[in-house]
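This is what each chain is made of:
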Amino acid sequence: MTLAELLPSTGCSTEPVLEDGLWPDGTQVAGQDLVIGGVPATQLAARFGTPCQVLDEQTVRTRARSFRAALPEAEVVFAGKSLPCPEVYRWMAQEGLSLDVSSAGELALARAAGFPATRIIMHGNVKTAEDLKAALEHGVSRIVVDSFDEIAQLGALATHGQEVMIRVTPGIDAHTHAKIATGVEDQKFGFSLASGAALEAVLRVVEQPSLKLVGLHCHLGSQIRHVASYEEAVRRMVGLIASCGTRIEQLDLGGGFCAPYLPGDADFDLAGLAHRVRGALNYECALHRVPPPRLLVEPGRSIVANAGVTLYRVCAVKESVRTFVAVDGGMSDNPRPALYGAKYAVRLVGRGGKPKPVTVVGRHCEAGDVLAEDVLLPADVHAGDLLAVPATGAYHHALASNYNQVCRPPVIAVKDGVARPIVRRETEEDLLRRYV
Ligand code: LLP
């Protein structure tokens, strides 16, 4: 069915408006259906079942391009952990991005995607010997070291001047949730700038004949709203570069750029980031008399979050102290509310109606399995209704589990009216395969 067929003949003047910025680009309400990437949500649910994670390819590509356009001088590295999927990695390769992986497993997906090794960076506060060996064997371009033990281990394993960056903790509070704040002291990532550990790490890497120090790295955290945090990171990191006593060619500022989840949430100020980071870099490098390093940024969420929509079927409505709307997914496909207190908007697809506040809950055996509290849905919401949750493209497929042996949902890519699975739905056969 085309979009035109779905539109009521009276036109769209009474169409409910979609919340700005939350949905994939071009998403429309047609009739009462929701059309994503040219494909009606009701069709997606009927064809692929629910729960179902829908990913709008064009939105992903547009966001990837917008990073490259805003920072043409920088290397833009997609944070592969935010949406680990070979097809998505291929889109990133085509858009000219690099890729960061944080395990041999993510590297295996990158290899399956045919992602050029010269544009892969490996991260992680712990890399097992297997991770490091896989990275060396595949010839990933850079490895970001995160402990003295790792420097020694990698130095012993590497044979040919493996390029290395050092993960630095710059001591910056970027005002995000404690569980995803990584720029501050007293958390497990990086070498502290303040304690001198970062400078010591520089010396240790330089001492290893099999390693070549090319850059310094920091990652302040995730869902960061303020450009000022990155500006401060540049100041501190250039200060460190100046005291290294060796040429540092690359400065990686990590990712963490926020995405909107709720109506009214602002998008990240990418133009502001580019302008202020560039200004700070030039100023600080001139001040310290060091040649400006090449910048790297590692966006994950800001590229894929708003490209994703999850579809759920309502299974039961329970009137209690409040109205609970229970769906066929939950914390196994979205643990973010339980982990970070994340909040989501929810929309009923297929009809409107006088709204009332409800709490959307999942199917898992925990009282904390809540997807969205106090959201407005039509008062007559009932079993069989289809719900759509926007901003579910980042860290949903990645964090999904088999809790209660519930099979993980597929990821369905949509573009120009065509839908195709890029991750298939998990089956009970998949589950049983691991049991001995
Ligand atoms: N670079 C490094 C070294 C990272 O550790 C991360 C994310 C990124 C880049 C990308 O950050 P982004 O641009 O996506 O914020 N599971 C959490 C998020 C964890 C982020 C982990 N590291 C969540 O669902 O909010």
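Residues numbered from 1 in each chain as written. Predicted model: local features only at pLDDT ≥ 70, side-chain atom pairs only at ≥ 80, totals over all residues. Heavy atoms only, no water.

*Asks:* Teacher, can you tell me more about the domain arrangement of the protein here?
*Replies:* Considered domain by domain, the protein is made up of domain 1 (3–56 + 305–432) and domain 2 (57–303). Centre-to-centre separation of domain 1 and domain 2, based on C-alpha positions: 32 Å. Across the contact, 28 residues belong to domain 1 and 24 residues belong to domain 2. A buried area of about 2400 Å², summed over both sides, lies between domain 1 and domain 2, and 58% of it is on carbon and sulfur atoms. In terms of surface lost to domain 2, no three residues of domain 1 exceed Y340, Y395 and K415, which account for 22% of the buried area on that side. Residue R420 is joined to E57 by a salt bridge in which the shortest nitrogen-to-oxygen separation is 3.3 Å. On the surface where domain 1 and domain 2 come into contact, there are 14 residue pairs in polar contact (both at pLDDT 80 or more). Among the secondary structure elements, those contributing two or more residues to the side of domain 1 that touches domain 2 are β4 (52–56), α12 (336–340), β20 (411–415) and β21 (418–423). For the side of domain 1 that touches domain 2, the residue count by class is 17 nonpolar, 4 polar and 7 charged. (Domains from an automatic or database assignment. Contact = heavy atoms within 4.5 Å. Buried area = accessible area lost by both parts, 1.4 Å probe. Salt bridge = Lys/Arg side-chain N within 4 Å of Asp/Glu carboxyl O. Polar contact = N/O pair within 3.5 Å; in protein donor to acceptor, adjacent residues only side chain to side chain. Helix = DSSP H or I, 4+ residues; strand = E, 2+ residues; numbered from the N terminus. Nonpolar A, V, L, I, M, F, W, Y, C, P; charged D, E, K, R; others polar.)

*Asks:* Quick question: what am I supposed to make of the layout of surface pockets here?
*Replies:* In this approach a probe as big as a water molecule rolls over the atoms, and the regions it shows empty are the leftover space. The volume enclosed by the largest pocket comes to roughly 690 Å³. Lining the largest pocket are 32 residues; nearest its centre among them are K81, I180, F189, H219 and Y395. Of the residues belonging to the lining of the largest pocket, the class tally is 10 nonpolar, 14 polar and 8 charged. There is about 340 Å³ of room inside the second largest pocket. Along the walls of the second largest pocket sit 22 residues, with V346, R347, L348, L376 and P378 positioned nearest its centre. Residue assignment for the lining of the second largest pocket shows that the elements contributing at least two residues are β2 (33–36), β16 (347–349) and β18 (370–378). In terms of residue count, β18 provides more of the lining of the second largest pocket than any other element does, 4 residues in total. Looking at the lining of the second largest pocket residue by residue, the classes come out as 14 nonpolar, 4 polar and 4 charged. (1 Å grid on protein atoms, 1.4 Å probe; cavity = no way out; pocket = protein on both sides within 12 Å on 5 of 7 lines; lining within 4 Å. Points joined across faces, edges and corners; volume = space filled by probe spheres on them.)

*Asks:* Honestly, the site of the ligand in this entry has me stumped. Any pointers?
*Replies:* Inspection of the region around the ligand gives 20 residues, with S222, E298, R301, R336 and Y395 positioned closest. Take R301: an N or O atom from its side chain is 2.8 Å from an oxygen atom of the ligand. R336 has a polar side-chain atom sitting 2.6 Å from an oxygen atom of the ligand. Residues belonging to the shell around the ligand are distributed by class as follows: 7 nonpolar, 7 polar and 6 charged. Each of two domains, domain 1 (3–56 + 305–432) and domain 2 (57–303), supplies a minimum of three residues to the shell around the ligand. (Near = heavy atom within 4 Å.)

*Asks:* What exactly am I supposed to notice about the sheet that holds strand β1 (residues 28–30) here?
*Replies:* Sheet strands line up and pair through hydrogen bonds in the backbone, either parallel or antiparallel. Taken in spatial order, the 3 strands make up an open sheet running β1-β2-β3, and their pairing is antiparallel. Strand pairing shows two members of the sheet lacking a second neighbour, β1 and β3 (39–40), which therefore form its edges. Sheet analysis places β2 next to β3, joined by 2 bridges and oriented antiparallel. Counterpart to V35 in the pairing with β3 is P40. (Pairing = 2+ DSSP bridges.)

*Asks:* Looking at this structure, I do not really get unusual backbone geometry. What am I missing?
*Replies:* Residue T50 is joined to P51 through a cis peptide bond whose omega torsion reads -10°. By the secondary structure assignment, P51 is in the loop between α2 (41–48) and β4. We note that A391 has phi near 65°; this positive angle belongs to a residue other than glycine. Relative to the helices and strands, A391 resides in the loop between β19 (386–390) and β20. One non-glycine residue, Q405, adopts positive backbone phi at about 55°. Relative to the assigned elements, Q405 resides in the loop between β19 and β20. Judged by relative accessible area, which is 41%, Q405 ranks as partly exposed. (Buried < 20%, exposed > 50% of the residue type's maximum accessible area, 1.4 Å probe, protein only.)

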